[in-house]
Amino acid sequence: MAEETVTRYRIGYALEPQKVHTVIQSSLIIHAKNRGIDLVQIDLSKPLIDQAPYHCIIHKLYGPEWCRQLQEFSSRNPDVIVVDPLDSIDRLHNRISMLQVVNELKICQQPEISFGIPKQIFVDNLAFFYEIEGLKFPVIAKPLVANGSANSHQMALVFNKEGLKGLKPPIILQEFVNHGGLIFKVYVAGDHVKCVKRKSLPDISEYAVSSEDLLPFSQISNLIAQDQSDENVAKLIEEAEMPPSSFVTEIANGLKHALKLNLFNFDMIRDSMVGNRYLVIDINYFPGYANLPSYETFLTDFFLDIVQRKQSTNLESIGVLVEQGSN
Ligand SMILES: O=P(O)(O)O[C@@H]1[C@@H](OP(=O)(O)O)[C@H](OP(=O)(O)O)[C@H](O)[C@H](OP(=O)(O)O)[C@H]1OP(=O)(O)O
Ligand SMILES: Nc1ncnc2c1ncn2[C@@H]1O[C@H](COP(=O)(O)OP(=O)(O)O)[C@@H](O)[C@H]1O
Ligand SMILES: [Mg+2]
Ligand SMILES: [Mg+2]
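What you see is a predicted model, and the numbers here were worked out from it, not measured in a lab.

So, about the site of ligand 2. Surveying the vicinity of ligand 2 reveals 19 residues, the closest of which are K142, H153, Q174, S200 and D282. Within the backbone of V177, one N or O atom sits 3.0 Å away from a nitrogen atom of ligand 2. The separation between an oxygen atom of ligand 2 and a polar side-chain atom of D282 is 2.9 Å. Notes on ligand 2: free accessible area 540 Å², of which the protein chains cover 89%. Taken atom by atom, the bulk of ligand 2 overlaps the largest pocket. Of all the secondary-structure elements, those providing two or more residues to the shell around ligand 2 are β7 (139-143), β9 (171-175), β13 (263-270) and β14 (277-285). Across the shell around ligand 2, the residue classes break down as 10 nonpolar, 4 polar and 5 charged.

Next comes the structure, spelled out in structure tokens:
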């Protein structure tokens, strides 16, 4: 009996060990394998160029050596799909360029819904900085750079001008927007989009008693952690209304095209003061997909889209699909 030949695809992944541990779980490896995808870990101690063949490479690594290797690999293997291109990912490493793209989105706004980003400014040097240019306190200070380091997540709530003195530029100052302590995290993998609700910082009125000028984020995170044990808050989150899925998909697709990225998520809040106003506050490359229910299916569907789309493009280019169609 003739053996059935099934197309198998090799996807190489280059990730930090911790990320391998959280995202490339055995449940994903098995699920992908059953659907024809072999997930293969790229050995970072050896030249990438010696580790072909791959149909596709996925990656989240910082540092010049990886960039050099990937560029060399791509120029010698132009047919291998790299998810995603280095310059597209770079845009997310700066909190200004990251959010500029949201303002540039040309999408037909849904009736009754508006979207945007909170007011923000870039501060390079506090010595030459006297005004917060129309921003209202409290503001949230975020490091300009978002490069995966612990520092890049170090934030602070600033309640007044005095608090500005405790900041270390380069930073961005962003208006704090009350949003009912609820954040929407929208995960994107190519054409696949999933939105989940998570706890966020509580509304600022809850801090009104605070006599602080500046509250570093870790302290606020602690407040959240304590709050999490509160059943009422958990219930509030559970019962909170989701944004319309057509709206979420429209924003996700708009960002995907504008950023030229496949693997990312964005954090979105709903302004408590203005009916249906949604604000994007953060966009992350290759986030923690394993936090999603059924993430194995979510990611494998995307992998198959990528490799099969590539295969059909190849067939088209050599005329196979055309011939089949004319038979
Ligand atoms: O820690 P995880 O798995 O939840 O993923 C982190 C993301 O959490 P999220 O999926 O949004 O809940 C996290 O998202 P946030 O910035 O926390 O919104 C980042 O994407 C983080 O990557 P990096 O430190 O910015 O390079 C992600 O960290 P890495 O795992 O990529 O280091
Ligand atoms: N403008 C804002 N208004 C209110 N809360 C915010 C704002 N920006 C950030 N936050 C809160 O701070 C958290 C961390 O900020 P974020 O920009 O997402 O940084 P990170 O990249 O470290 O996740 C968010 O998840 C949200 O809870
Ligand atoms: Mg975030
Ligand atoms: Mg982030």
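So, next bit.
According to UniProt, the feature "domain: Inositol-tetrakisphosphate 1-kinase N-terminal" (unreviewed entry) maps to residues 10-89 in the numbering used here. Annotated as residues 10-89, this span is 41% helix and 24% strand, and its ends, taken at the C-alpha atoms, are 23 Å apart.

A word on the nonpolar core. With 64 residues, the main nonpolar core has L255, L263, F266, I283 and Y289 as its most contacted residues. Sort the elements by how many residues they give to this core and helix α10 (residues 295-317) lands first, with 8 residues. When residues of this core are assigned to domains, at least three fall in each of domain 1 (9-83) and domain 2 (91-291). Excluding residues that lie within four positions of it along the chain, L255 makes contacts with V101, V102, L105, K260, F264, F266 and I283. Grouped together as the second largest cluster of nonpolar side chains are 13 residues, A14, L48, I57 and V80 included.

A word on the pairing of β13. Across the 8 residues that make up β13, a large majority, 8, are buried. Burial of the side chains of β13 extends over both faces: L263, N265, D267 and I269 are buried on one face and F264, F266, M268 and R270 on the other. Note that β13 and β14 share 7 bridges and pair antiparallel. Each residue of the ladder has a partner; that of M268, found in β14, is V280.

The next point concerns the layout of surface pockets. The computed volume of the largest pocket comes to approximately 1,000 Å³. Lining the largest pocket we find 42 residues, and of these H153, K185, D267, D282 and N284 sit closest to its centre. Only α5 (95-104), β7, β9, β10 (182-189), β11 (192-199), α7 (217-228), β13 and β14 provide two or more residues apiece to the lining of the largest pocket. The residue makeup of the lining of the largest pocket, split by class, is 20 nonpolar, 12 polar and 10 charged. In this structure, the second largest pocket spans a volume of roughly 400 Å³. Taken together, 19 residues form the lining of the second largest pocket, with P143, N151, Q154, K168 and I171 sitting closest to its centre. Listing elements by their share of the lining of the second largest pocket, those giving two or more residues are β7 and β12 (214-216).

Within the protein, the magnesium ion (ligand 4) binds to D282 (OD), D282 (OD) and N284 (OD1); these donor distances fall in the range 2.1 to 2.7 Å. The metal-metal distance between the magnesium ion (ligand 4) and the magnesium ion (ligand 3) is 3.7 Å, with D282 serving as a donor to both. Under the relative-accessibility criterion, D282 is labelled buried at 13%.

Cut-offs and rules
- Residues numbered from 1 in each chain as written.
- Chains lettered and ligands numbered in written order.
- Predicted model: local features only at pLDDT ≥ 70, side-chain atom pairs only at ≥ 80, totals over all residues.
- Heavy atoms only, no water.
- Near = heavy atom within 4 Å.
- Polar contact = N/O pair within 3.5 Å; in protein donor to acceptor, adjacent residues only side chain to side chain.
- Areas by Shrake-Rupley, 256 points an atom, 1.4 Å probe, with all protein chains shown as cover.
- 1 Å grid on protein atoms, 1.4 Å probe; cavity = no way out; pocket = protein on both sides within 12 Å on 5 of 7 lines; lining within 4 Å.
- Sits in = over half its atoms within 2 Å of the grid points.
- Helix = DSSP H or I, 4+ residues; strand = E, 2+ residues; numbered from the N terminus.
- Nonpolar A, V, L, I, M, F, W, Y, C, P; charged D, E, K, R; others polar.
- UniProt positions renumbered as here; feature names shortened; annotations may be inferred.
- Core = buried A, V, L, I, M, F, W, Y, C linked by side-chain atoms within 4.5 Å.
- Buried < 20%, exposed > 50% of the residue type's maximum accessible area, 1.4 Å probe, protein only.
- Domains from an automatic or database assignment.
- Contact = heavy atoms within 4.5 Å.
- Pairing = 2+ DSSP bridges.
- Points joined across faces, edges and corners; volume = space filled by probe spheres on them.
- Donors = N, O, S within 2.8 Å, 3.2 Å for Na, K, Ca; no water.

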